[in-house]
Amino acid sequence: MVTLYGTVDAAMRHTSNEGPAGQASRSRTAMAGGGLSTSKWGVYGIEDLGGGNQIHFNLEQGFQTQSGALAVTGADFQQSWVALHSPRYGRITLGRNYH
C-alpha cells in the first residue's frame with residue numbers, strides 16, 4: 001500500500017496599516033503561507049513481508065506556498081526513513097525522522 005499525502009497552508013492577508021513612517025495608512029493584500037502549519041507533500045508506504053513482518057517507509061518534503069521552493073534547503077527531504085516492523089521484536093527505524 002502506498003499513500004500520497006499533502007497539506008497546503010495558504011491564506012490571503014490584508015493589512016490596512018502597512019507602509020513606512022508617515023504613510024501607515026497604505027494597505028496591502030498578499031498571499032501568505034505557513035500561517036497554521038507547513039505546506040508539505042509526501043509518500044508513505046507499507047509492504048507486508050509475511051508472518052506479521054512489515055516494511056514501512058516515508059518521504060516527505062515541505063515547500064513554500066507562494067513560490068513552490070523547498071522549505072528546507074540543503075536536505076532532499078524533511079523526512080526520509082525506512083522501518084522494519086516485527087510483532088515479535090518490535091520496530092527499528094533508520095533515516096531522517098522528526099517524530
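Located above this text is the structure these notes cover.
The structure displayed is predicted, hence computed values, not measured ones.

Undergrad: I'm lost on the pairing of strand β1 (residues 2-7) in this one. Help?
TA: Counting buried positions along β1 gives zero out of six residues, so the element sits mostly on the surface. Pairing between β1 and strand β4 (residues 40-50): six bridges, direction antiparallel. By the bridge assignment for β4, Tyr5 is matched with Gly42.

Undergrad: How should a nonpolar patch on the surface be read in this particular structure?
TA: On the surface, Leu49, Val82, Leu84, Ile92 and Leu94 cluster together into a nonpolar patch covering about 460 Å² of accessible area. The set of elements that each furnish at least two residues to the nonpolar patch consists of β6 (79-86) and β7 (90-96). If you trace the backbone, Val82 turns up in strand β6.

Undergrad: Looking at this structure, I do not really get the packing of aromatic side chains. What am I missing?
TA: The description of an aromatic ring pair uses the distance of the two centres, along with the angle that the planes make with each other. Enumeration over the complete set of coordinates arrives at two aromatic pairs. Ring centres of Trp41 and Phe77 lie 6.3 Å apart, and the angle between their planes is 70°; this geometry places the pair in the edge-to-face category. Here the residue Trp41 occupies a position in strand β4, and Phe77 occupies one in the loop between β5 (53-62) and β6, the gap between them amounting to 36 residues. Classification of Phe77 as partly exposed rests on a relative accessible area of 23%.

Undergrad: Explain the pairing of β4 to me, please; I cannot follow it from the model alone.
TA: The two faces of the sheet receive side chains in turn, since in a regular strand these alternate between them. In the sheet, β4 pairs with β5 via ten bridges, with the strands oriented antiparallel. When the bridges of β5 are listed, Glu47 appears paired with Ile55. The antiparallel hairpin formed by β4 and β5 contains two residues in its connecting segment, where Gly51 sits at a positive phi of about 65°.

Each value, and the rule that gives it
Residues numbered from 1 in each chain as written. Predicted model: local features only at pLDDT ≥ 70, side-chain atom pairs only at ≥ 80, totals over all residues. Heavy atoms only, no water. Buried < 20%, exposed > 50% of the residue type's maximum accessible area, 1.4 Å probe, protein only. Helix = DSSP H or I, 4+ residues; strand = E, 2+ residues; numbered from the N terminus. Pairing = 2+ DSSP bridges. Patch = residues over 30% accessible without salt bridge, like charges linked within 9 Å, V, L, I, M, F, W, Y side chains within 5 Å. Areas by Shrake-Rupley, 256 points an atom, 1.4 Å probe, with all protein chains shown as cover. Salt bridge = Lys/Arg side-chain N within 4 Å of Asp/Glu carboxyl O. Phe/Tyr/Trp six-rings, centres within 6.5 Å; stacked < 30°, edge-to-face > 60°.

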